[in-house]
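For reference, the chains in residue letters:
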Amino acid sequence: MPEGGEYYGKNGEPRKHDPSFRGPIQNRGCTDIVCCILFIIAILGYIAVGILAWSQGDPRKVIYPTDSRGQFCGQAGTPLEKKPFLFYFNIMKCASPMVLLEFQCPTTQMCVEKCPDKFMTLIKAYAVNSDFAYYKNFCEEGVTNTMGVAEILKQRLCPAMLLPSKPFTRRCFPALGMKGGVITVGNSSTFNDGNEIRNAQDLVAGVQNATVVMEARQVVMKIFEDFTHCWYWILLGLVIAMIISLVFLILLRFLAGIMVWVMIAMLVAVIGYGIFHCYMEYAALKGEAGANVTIKDLGFQTDFTVYLQIRQTWLAFIIILAIVEVIIILLLIFLWKRILIAIALIKEASRAIGHMLCSLFYPLFTFLLLAVVIAYWGVTAVFLSTSNQPIYKIFNETNCDYSRQTCDPANYSTSPMKAQCADSKCLFAFYGGETPYHKYLIALQFYNVFLFFWCANFVLGLGQMTLAGAFASYYWAAKKPDDIPAFPVFSSLGRSLRYHTGTLAFGSLILSIIQIIRVLLEYLDHKLKGAQNKFAKFLLCCLKCCFWCLEKFVKFLNRNAYIMSAIYGKNFCTSARDAFFLLMRNVIRVAVLDKVTDFILFLGKLLIVGLLGVFSFFFFSGRVKAFQNTAPTLNYYWVPILTMVVCSYLIAHAFFSVYSMCVDTLFLCFCEDLERNDGSAARPYYMSPSLREILWKNKEEDPSEPSAQQQQQQHDEDTQLKQEAQEEDTA
């Protein structure tokens, strides 16, 4: 068989000329009905899970801390309304390994109006009436002045000592500090005798075990505090990012060629300025005391601004930015001809978007649907996680046969377990349950996560198919814009929901299964971090890499399958096969046009992120005097900067996704047009003159590539050879 015939055998049959074809087929039927029914059943089950969770859950368990009796601290309408903070009798026991198993500190916990602000022992406080009156605020009910210290401690009605504490997430934690390189508790604690000193030293030694955790909590608390001080500035920055993205796309509609080159030049300039600024900071630290300390010697510091005081940090920034700058410049040098071709494709996409400007606002509809999906998942997850019942267990200091067994606090004082273990107490341990609902609670959580992935991927796929159908109707219009149907975006959305819900559900189901497997692999990786089996680690790493690649391939395949389904109205498997073979028959053009265009749009996203990042840096860091009185005072000024950078990229990606989808759709239609038609009077191209120019430039770059007419002629010859061979076999 000739070489051309073998080529078609591998990559499918090319499209034949059809005079009646005029773009997205109107006379179509429902596709992938079985998967559509399965998706509807899954959604109904998801709603049932949500209703069940909402009827059983109690989100107060997340909002309010609970004391040893399972009561909520600070809940309105209860006796504890004015006691919002949770106080631990012995905070050292929270550093016990048993906490990881029980999820509860094995010490008495009570709700208080405010955390203790000074150091005090029970013995010293008992001697002074005013001090003891203050001390009783942190004791159980029933403590009187007539009771002795020994009796109070035996019945565990009061803690042995109080520590200066600060509230965090409505819980009282010791106020740790550093003095002379030694960890101290409180800022002004004084100890008057040897017993107090020894008690304090023992306590500090115990608290040192949880120092890293406490420092991490302090960092989180400071970050949360920064968000409360600058959230409105972050929202303003995100609105600016949205406006910049929209204005950029509108300008791209009218000045595509100029805007692309301006975008590339500004990106190179922004990164170049970043290198210059980092070098100036690096040079300014020369000769400064402590500036030559390495990051390794400095170690982990909760105050991240410390890293900006050493030269090695700025040197690392210079190297990273320089590498990025060199890579971009080299790509521009070697791809400048392809960039010129890609600009023409972007211009064509700009014309298509210009005839349907409402497509620019479609990401807002997608964002709204995603917000609903995320909100439903989050609320359901909270209600599921708080639908357990309070479980009480026996906690004791001495040996006891009933230790860690469940108990009933209502009658525990008269129970045989209390009689045998006199110093034991029945305390709230965690939330759980023994009913069938509680036994399958983990399965319901898994179902919640899986349906979240499925629904989110369905929403994203719906957006891709809707835009693909709209842009395909533009391309296949014989006379633009007269032959473009009215309201193409809304028409395409209606076709997608009416006929191809099953196709969208099928593609999103495959992607969701892969994503849930990746989540399970990440969970296993987290569990096996302390394992010493290198083979298991290697195997897990390979599986994570393979499923990451598989997810990327399925996303690529789904995207193109949705485009073909929007045009021809076929099911998912057929559309995916046709799209894949079409791309394989035009693999050179895929590399030349489609990916270079994606690279240019990616540079546009980086430009928007870079502009907003530079502006937010000068605003929040106080480097510009004009902003010093306006910018809020923050613990870490990088918190709003990093937040704005990440969120602005997501916003830019959402708006640029319209252009990306338009380019991909036009590209597939372009390849179909080359196979269906040859540019003659009988079979004219549907492409615009600019795209026709792209075709000839491609042929000049790759003269060995056969034309569509030559491919069709070769295919007819191969078919004739097959028929002759079959006739010979029959004879």
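Residues numbered from 1 in each chain as written. Predicted model: local features only at pLDDT ≥ 70, side-chain atom pairs only at ≥ 80, totals over all residues. Heavy atoms only, no water.

1. A word on the overall build of the protein chain
The secondary structure content of the protein chain amounts to 26 helices and 10 strands. Out of the 731 residues belonging to the protein chain, those deemed buried represent 45%. (Helix = DSSP H or I, 4+ residues; strand = E, 2+ residues; numbered from the N terminus. Buried < 20%, exposed > 50% of the residue type's maximum accessible area, 1.4 Å probe, protein only.)

2. Some remarks on a nonpolar patch on the surface
Taken together, the side chains of Val239, Ile243, Val247, Ile250, Leu251, Phe254, Leu255, Ile258, Val262, Met266 and Leu611 define a hydrophobic patch exposed on the protein surface, amounting to about 930 Å² of accessible area. Of all elements in the fold, only helix 9 (211-254) and helix 10 (256-284) reach the threshold of two or more residues within the nonpolar patch. Examining the composition of the nonpolar patch, we find that six residues originate from one element, helix 9, more than from any other. You can see Ile250 is positioned in helix 9. Accessibility expressed as a relative area gives 37% for Ile250, which makes it partly exposed. (Patch = residues over 30% accessible without salt bridge, like charges linked within 9 Å, V, L, I, M, F, W, Y side chains within 5 Å. Areas by Shrake-Rupley, 256 points an atom, 1.4 Å probe, with all protein chains shown as cover. Salt bridge = Lys/Arg side-chain N within 4 Å of Asp/Glu carboxyl O.)

3. Comments concerning the confidence of the model for the protein chain
Per-residue pLDDT for the protein chain averages 77, and the proportion of residues at 70 or more is 79%. Counting contacts from residues 187-214, a segment whose pLDDT is below 50, to residues more than four positions away or on other chains yields 29 contacts. (pLDDT = per-residue confidence, 0-100. Contact = heavy atoms within 4.5 Å.)

4. Concerning the state of the cysteines
Counted under the stated rule, the structure contains three disulfides. What pairs with Cys115 in a disulfide is Cys172, and their sulfur atoms sit 2.0 Å apart. Here the S-S torsion is close to -85 degrees, and the disulfide linking Cys115 with Cys172 is therefore left-handed. On the criterion of sequence distance, the pair formed by Cys115 in the loop between strand 2 (109-112) and strand 3 (120-121) and Cys172 in strand 6 (residues 171-174) is long-range, its members being 57 residues apart. The partner cysteine of Cys139 in its disulfide is Cys158, sulfur to sulfur 2.0 Å. (Disulfide = S-S within 2.5 Å.)

5. Focus on the side chain of Asp578
Inspection of the secondary structure assignment puts Asp578 in helix 21 (residues 572-585). Reaching out from Asp578, the side chain makes a polar contact with the side chain of Arg577 at a distance of 3.3 Å. (Polar contact = N/O pair within 3.5 Å; in protein donor to acceptor, adjacent residues only side chain to side chain.)

6. Section: the packing of helix 17 (residues 441-475) against helix 24 (residues 638-676)
Where helix 17 meets helix 24, the closest approach of the two axes is 9 Å, and the angle between their N-to-C directions is 50 degrees. In this view, helix 17 runs oblique relative to helix 24, as classed from their interaxial angle. Read as a crossing pair, helix 17 and helix 24 show a hand that is right-handed. Within the contact between the two elements, helix 17 uses Gln464, Leu467, Ala468, Phe471, Ala472, Tyr474 and Tyr475 and helix 24 uses Val658, Met661, Cys662, Thr665, Leu666, Cys669, Phe670 and Asp673. Per-class residue counts for the contact of helix 17 with helix 24 are 12 nonpolar, two polar and one charged. (Axes fitted to C-alpha atoms, helices over the stretch in contact; angles between N-to-C directions. Parallel < 35°, antiparallel > 145°, perpendicular 65-115°, else oblique. Left-handed = near helix turned anticlockwise from the far one by under 90°. Nonpolar A, V, L, I, M, F, W, Y, C, P; charged D, E, K, R; others polar.)

7. Comments concerning the packing of aromatic side chains
Inspection of the entire model under this criterion finds 27 aromatic pairs. Judged by centre distance (5.8 Å) and plane angle (45 degrees), the rings of Tyr232 and Trp233 are tilted. A relative accessible area of 22% places Trp233 in the partly exposed class. Considering the side-chain rings of Phe580 and Phe581, the 6.0 Å spacing of their centres and the 55 degrees angle between planes classify their relative orientation as tilted. A relative accessible area of 28% places Phe580 in the partly exposed class. Taken together through their ring pairs, the aromatic side chains of Phe39, Phe450, Trp454 and Phe458 make up a single cluster. Lys118 extends its terminal NZ or CZ atom over the ring of Tyr134, reaching a point 4.6 Å from the ring centre. The positively charged end of Lys570 is found above the aromatic ring belonging to Tyr568, 6.0 Å away from the centroid. (Phe/Tyr/Trp six-rings, centres within 6.5 Å; stacked < 30°, edge-to-face > 60°. Lys NZ or Arg CZ within 6 Å of the ring centre and 35° of its normal.)

8. Description of the pattern of salt bridges
Considering all chains together, one arrives at 10 salt bridges under this definition. The salt bridge involving Glu551 is made with Arg518; its shortest N-O contact spans 2.5 Å. Remark: Arg518 occurs in helix 19 (residues 501-527) and Glu551 occurs in helix 20 (residues 534-568); sequence separation between them is 33 residues. Residue classification places Glu551 among the buried residues on the basis of a relative accessible area of 6%. Relative accessible area serves as the criterion here: at 26%, Arg518 is assigned to the partly exposed category. Arg559 is paired through a salt bridge with Asp664; the nearest N and O atoms lie 2.5 Å apart. Of the two residues, Arg559 is situated in helix 20 and Asp664 in helix 24; the sequence distance between them amounts to 105 residues. By sharing partners, the salt bridges in this structure join Arg518, Glu551 and Lys555 into a single network.

9. Regarding unusual backbone geometry
Residues apart from glycine generally show negative phi values, whereas peptide bonds are mostly found in trans. Non-glycine residue Asp32 carries a positive phi angle of around 50 degrees. By relative accessible area, which is 18% here, Asp32 ends up buried. The phi torsion at Phe487 lies on the positive side, around 50 degrees, for a residue other than glycine. Within the secondary structure, Phe487 sits in the loop between helix 17 and helix 18 (488-499).

10. Quick notes on the packing of helix 2 (residues 33-56) against helix 19
Helix 19 packs onto helix 2 with a crossing angle of 75 degrees between their chain directions and a minimal axis gap of 7 Å. Classed by the angle they form, the pair helix 2 and helix 19 counts as roughly perpendicular. Here helix 2 contributes Cys35, Cys36 and Phe39 to the contact with helix 19, which in turn contributes Thr501, Gly502, Ala505, Phe506 and Leu509. For the contact of helix 2 with helix 19, the residue count by class is six nonpolar, two polar and no charged.

11. A short note on the environment of Leu467
Secondary-structure assignment places Leu467 in helix 17. On a C-alpha basis, the gap between Leu467 and Cys662 in space is 7.2 Å, while along the polypeptide they are 195 residues apart. Residues within four places of Leu467 in sequence aside, it is in contact with Ser359, Tyr362, Val658 and Met661.

12. A word on the environment of Ser413
With respect to the helices and strands, the residue Ser413 is situated in the loop between strand 9 (389-395) and helix 15 (416-420). What makes Ser413 exposed here is its relative accessible area of 60%. A C-alpha to C-alpha distance of 9.7 Å links Ser413 and Ser424, two positions 11 residues apart in sequence.

13. Some points on the side chain of Glu551
A distance of 3.1 Å separates a polar atom in the side chain of Glu551 from a polar atom in the side chain of Gln515. Every residue in contact with Glu551, bar those within four places of it in the chain, is listed here: Leu511, Ile514, Gln515 and Arg518.

14. Things to note about helix 21
For helix 21, spanning 14 residues, the distance from its first C-alpha to its last is 20 Å, which sits close to the expected 20 Å at 1.5 Å a residue. Listed in full, the buried residues belonging to helix 21 are Phe572, Ser575, Ala576, Asp578, Ala579, Leu582, Leu583 and Arg585. With a side-chain oxygen lying 3.4 Å from the backbone nitrogen of Cys573, the N-terminal cap of helix 21 falls on Asn571. (Expected span 1.5 Å × (residues − 1).)

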